[in-house]
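Summary of structural features
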Amino acid sequence: MAVQVRSSDGAPGSVRGAPDPSERFHSRRRGEEGGLTMATRHLYVVRHGAADPFGELTDAGKRQSELVGERLAELPVDTVWHSPLTRAVGSARIIGARLPGVAVREAAELVDHVPYVPDETPPAWAGFFDGYDAAEAASGRALADALIRRFARPAATGTHEVLVTHAYQVAWLLRHALDAPPERWLGLNCGNTALTAIEYRDGAAPTVLSYNDMGHLPPELRWTGFGPGTRP
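Notes on the structure follow. (Residues numbered from 1 in each chain as written. Predicted model: local features only at pLDDT ≥ 70, side-chain atom pairs only at ≥ 80, totals over all residues. Heavy atoms only, no water.)

1. Topic: the overall build of the chain
Inclusion rule: The secondary structure listing takes helices from DSSP runs of H or I that are at least 4 residues long and strands from runs of E that are at least 2 residues long, numbered from the N terminus. Relative accessibility thresholds used throughout: buried, under 20% of the residue-type maximum; exposed, over 50%; partly exposed, between the two (1.4 Å probe, protein chains only). Throughout, a contact is declared for two residues whenever any of their heavy atoms are within 4.5 Å. To be clear on the numbers: accessible area is Shrake-Rupley with a 1.4 Å probe, and residue cover counts the displayed protein chains and nothing else.
For the chain, the count of helices and strands is six helices and six strands. Mapped from its N terminus to its C terminus, the chain presents α and β elements in the order α-β-α-β-α-β-α-α-β-α-β-β. Within the chain, buried positions represent 50% of all 232 residues. Contacts in the chain between residues at least 24 apart in sequence constitute 77% of all its contacts with a sequence separation of at least 6. For the chain, the accessible area works out to roughly 10700 Å², and carbon and sulfur atoms hold 52% of it.

Quick look at the structure:
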C-alpha cells in the first residue's frame with residue numbers, strides 16, 4: 001500500500017536533553033551484577049544527519065553521523081534500525097561502520113510521516129495541516145501505531161537498539177513514553193543526530209533517559225534541523 005508522508009524537516013519547538021544514557025547503562029549493569037535482573041529494552045533514537053533538499057546527507061550531516069556513531073560505540077548495541085528514506089539510510093550506514101559486527105537493517109515503521117492530526121488544529125499549526133485530508137491522516141496514524149507496536153514495548157530479553165529515523169517519529173515515541181495526549185507530539189523537535197534514550201521493561205512505565213541530547217556534537221554542528229532562533 002502506498003503511503004503519503006510529509007517531511008519532518010524544519011518543524012518548530014524543542015525540549016532540552018538529559019543525562020548521558022551510557023552512564024545509566026553502566027549503573028543498570030552494576031545493578032544486574034548485584035543480583036537485580038530485569039529484561040530491559042534500550043532504545044537509542046537518532047534523527048538522521050543534516051540533509052540537502054534531495055535527501056542526501058550534507059558534509060555536516062555526514063560528520064554528525066560519524067560523531068553519534070562514535071558515541072554509540074560505547075554501548076553494547078545489538079542492531080541499528082533505519083527508515084527507508086535516503087537521509088536515514090546514509091546516517092545508519094555511517095553509524096554502523098563504527099559498530100563492528102552490528103547488523104544494520106531497514107524498518108518501514110521508521111519512515112517519515114505525520115503521526116497524528118488533531119481534530120482541532122492549534123492556530124500556530126493551521127498552515128501546516130492545511131489541505132491534509134482524512135485518508136492522509138489515517139495513513140499516518142496507521143504507521144504511527146505500527147511504530148509503537150514494534151518498538152515501544154518490552155522485549156523478552158535485554159536489547160540495545162538504535163533507531164535512525166525522523167523528527168516526527170522521535171516526537172511520537174517520546175510522547176508515547178510520557179503517556180502524553182496524542183497532539184502533544186507537535187512542537188517536540190530535535191536536532192540532527194540528537195540522541196533520545198528510552199527504556200522499556202515489563203510492569204513499569206517507560207523511562208525517558210534523554211531527549212535531544214547533542215553532547216557528542218561541537219557547537220557548530222548543533223541545532224541543525226531547527227528553524228531560526230536563539231539556541232543555548
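Additional details are given in the paragraphs that follow.
2. A word on the nonpolar core
To keep it simple, the criterion reads: Only buried residues count toward a nonpolar core. Its members are Ala, Val, Leu, Ile, Met, Phe, Trp, Tyr and Cys residues joined through side-chain atoms within 4.5 Å.
Counting 39 residues, the largest nonpolar core has Leu110, Phe129, Phe151, Leu163, Trp172, Leu173 and Trp185 as its most contacted members. Only β1 (41-47), α5 (134-151), α6 (167-177) and β5 (195-200) provide two or more residues apiece to this core. With eight residues, α6 is the largest single contributor of residues to this core. Core analysis: the next-biggest nonpolar cluster, separate from the first, contains 17 residues, Val46, Val80, Leu99 and Val164 among them.

3. Looking at the sheet that holds strand β4 (residues 159-165)
Condition: A pair of strands is labelled paired if DSSP reports no fewer than 2 bridges between them. Comment: axis = line fitted to C-alpha atoms, over the contacting stretch for helices; angle = value between 0 and 180 degrees taken between N-to-C directions.
Read across the open sheet, the six strands follow the order β3-β2-β4-β1-β5-β6; overall the sheet is mixed. Of all the strands in the sheet, just β3 (103-106) and β6 (207-213) have a single pairing partner and so form its edges. Neighbour-to-neighbour, the strand axes of the sheet open up by a mean angle of 20°, direction not taken into account. α5 contacts β1, β2 (79-82), β4 and β5 of the sheet and is inclined by roughly 140° relative to β1. In this fold α6 packs onto β1, β4, β5 and β6, with an angle of close to 35° to the strand it touches most, β5.

4. Regarding the pattern of salt bridges
Where we set the bar: Criterion for a salt bridge: a side-chain nitrogen of Lys or Arg within 4 Å of a carboxyl oxygen of Asp or Glu.
Throughout the structure, instances matching the rule amount to nine salt bridges. Arg98 is paired through a salt bridge with Glu70; the nearest N and O atoms lie 4.0 Å apart. Highlighted residues: Arg98 in the loop between α3 (86-97) and β3 and Glu70 in helix α2 (residues 59-72), separated in sequence by 28 residues. Glu70 gets classed as partly exposed once you look at its relative accessible area, which sits at 41%. Bridged by salt links that share partners, the residues Arg63, Glu66, Glu70 and Arg98 form one connected network.

5. Re the pairing of β5
By the criterion of burial, β5 is predominantly enclosed, with six of the six residues buried. Residue alternation in β5 divides its side chains into two sets, Leu195, Ala197 and Glu199 and Thr196, Ile198 and Tyr200, and both sets are buried. Two strands pair when backbone bridges link them, and β1 and β5 are joined in this way by six bridges, in the antiparallel orientation. Residue pairing across strands places Arg41 opposite Tyr200, the latter belonging to β5. Bridge count between β5 and β6: four bridges; the pairing is antiparallel. In the sheet register, Glu199 faces β6, and the bridge partner there is Thr207. Between β5 and β6, which follow one another and run antiparallel, lie six residues, and Gly203 among them has a positive phi close to 75°.

6. Remarks on the side chain of Asn192
Structurally, Asn192 can be placed in the loop between α6 and β5. On the basis of relative accessibility, which here comes to 4%, the residue Asn192 falls in the buried class. In contact with Asn192, other than residues within four places in its own chain, are Arg47, His48, Gly49, Ala50, Gln64, Leu217, Thr224 and Gly225.

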